[in-house]
Amino acid sequence: MKLISKECPKCGANLKFKVGEHEVHCEKCRRDFVIEYDDNVDLKNIANEISSEGVRLVNSFSGHINENMKMFRTIFIIVFAVVIVAFIGIFVLGIINAQRINSEFDQEWKRANTSIQGNF
Ligand SMILES: [Zn+2]
């Protein structure tokens, strides 16, 4: 896999990441960074190991990702999943309920019919 190596903007440690990745974690200072690539570089057409070209490829690290932001994102995903599951649950319950009402109506209808026939 094509790797890029670049200095951590906070502590100067060596950061290694794959071409195309958008987040990198620094093991030394335990910060996460957003990777911004140079728009002029076609990432799909890069050959070989390009550790020395890291400076050319990567425009900048746009600050470290806020831990709160990461937590917010995780919470958002969880809430989103719960809402989806709830909607599916309501939908399924609705179908089951509709089928139950339908079969009750059928039984009622049959009973009504037989009682009418019995009267004649
Ligand atoms: Zn660092």
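What counts and what doesn't
- Residues numbered from 1 in each chain as written.
- Predicted model: local features only at pLDDT ≥ 70, side-chain atom pairs only at ≥ 80, totals over all residues.
- Heavy atoms only, no water.
- Donors = N, O, S within 2.8 Å, 3.2 Å for Na, K, Ca; no water.
- Tetrahedral: all angles 85-135°; square planar, octahedral: opposite > 155°, others 65-115°.
- Helix = DSSP H or I, 4+ residues; strand = E, 2+ residues; numbered from the N terminus.
- Patch = residues over 30% accessible without salt bridge, like charges linked within 9 Å, V, L, I, M, F, W, Y side chains within 5 Å.
- Areas by Shrake-Rupley, 256 points an atom, 1.4 Å probe, with all protein chains shown as cover.
- Salt bridge = Lys/Arg side-chain N within 4 Å of Asp/Glu carboxyl O.
- Phe/Tyr/Trp six-rings, centres within 6.5 Å; stacked < 30°, edge-to-face > 60°.
- Buried < 20%, exposed > 50% of the residue type's maximum accessible area, 1.4 Å probe, protein only.
- Pairing = 2+ DSSP bridges.
- Core = buried A, V, L, I, M, F, W, Y, C linked by side-chain atoms within 4.5 Å.

**Q** It is not clear to me how the coordination of the zinc ion should be interpreted in this structure. Could you clarify?
**A** Any two of four tetrahedral donors ideally make an angle of 109.5 degrees at the metal, while pairs among six octahedral donors ideally make 90 or 180 degrees. The coordination sphere of the zinc ion, as far as protein atoms go, consists of Cys8 (SG), Cys11 (SG), Cys26 (SG) and Cys29 (SG), spread over 2.3 Å. Taken together, the 4 donor atoms coordinating the zinc ion and their angles of 104 to 114° define a geometry best described as tetrahedral. Taken in sequence order, the residues that donate to the zinc ion follow the motif C-x2-C-x14-C-x2-C. In this pair, Cys8 sits in the loop between strand S1 (3-7) and strand S2 (14-18) while Cys29 sits in the loop between strand S3 (23-25) and strand S4 (32-37), placing the two residues 21 residues apart along the sequence.

**Q** How should I be thinking about a nonpolar patch on the surface in this particular structure?
**A** Together, Met69, Phe72, Phe76, Ile77, Phe80, Ile84, Ile88, Phe91, Val92, Leu93, Ile95 and Ile96 give the surface a local cluster of nonpolar side chains, amounting to about 1,300 Å² of exposed area. Within the fold, Phe91 resides in helix H2 (residues 67-119).

**Q** Where do I start with the packing of aromatic side chains in this structure?
**A** Aromatic ring pairs: the centre-centre distance and the angle between the two ring planes describe each pair. Here the structure, examined in full by the defined rule, presents 2 aromatic pairs. Each ring, one from Phe76 and one from Phe80, has its centre 6.2 Å from the other, and the planes form 20°; the classification is stacked. Here Phe76 pairs with Phe80, and both are found in helix H2, just 4 residues apart, close to one helical turn. Accessibility expressed as a relative area gives 53% for Phe76, which makes it exposed. Here Phe105 and Trp109 contribute two aromatic rings whose centre-to-centre distance is 6.4 Å and whose plane-to-plane angle is 15°, an arrangement assigned as stacked. Taken together, the positions of Phe105 and Trp109, both in helix H2 and 4 residues apart, correspond to about one turn of that helix. For Phe105, a relative accessible area of 52% gives the class exposed.

**Q** What am I meant to see in the pairing of S1 here?
**A** Put simply, side chains in a regular strand alternate between the two faces of the sheet. The sheet contact formed by S1 and S2 spans 5 bridges and is antiparallel. From the neighbouring strand, Lys6 faces S2, where its bridge partner is Leu15. Adjacent in sequence and paired antiparallel, S1 and S2 are bridged by 6 residues, among which Gly12 carries a positive phi angle near 85°.

**Q** Please clarify how the nonpolar core should be interpreted in this entry.
**A** Looking at soluble globular proteins, one finds that nonpolar side chains tend to be buried together. Grouped together as the largest cluster of nonpolar side chains are 11 residues: Ile4, Cys8, Ala13, Leu15, Phe17, Val19, Val24, Cys26, Phe33, Ile35 and Tyr37. Listing elements by their share of this core, those giving two or more residues are S2 and S4.

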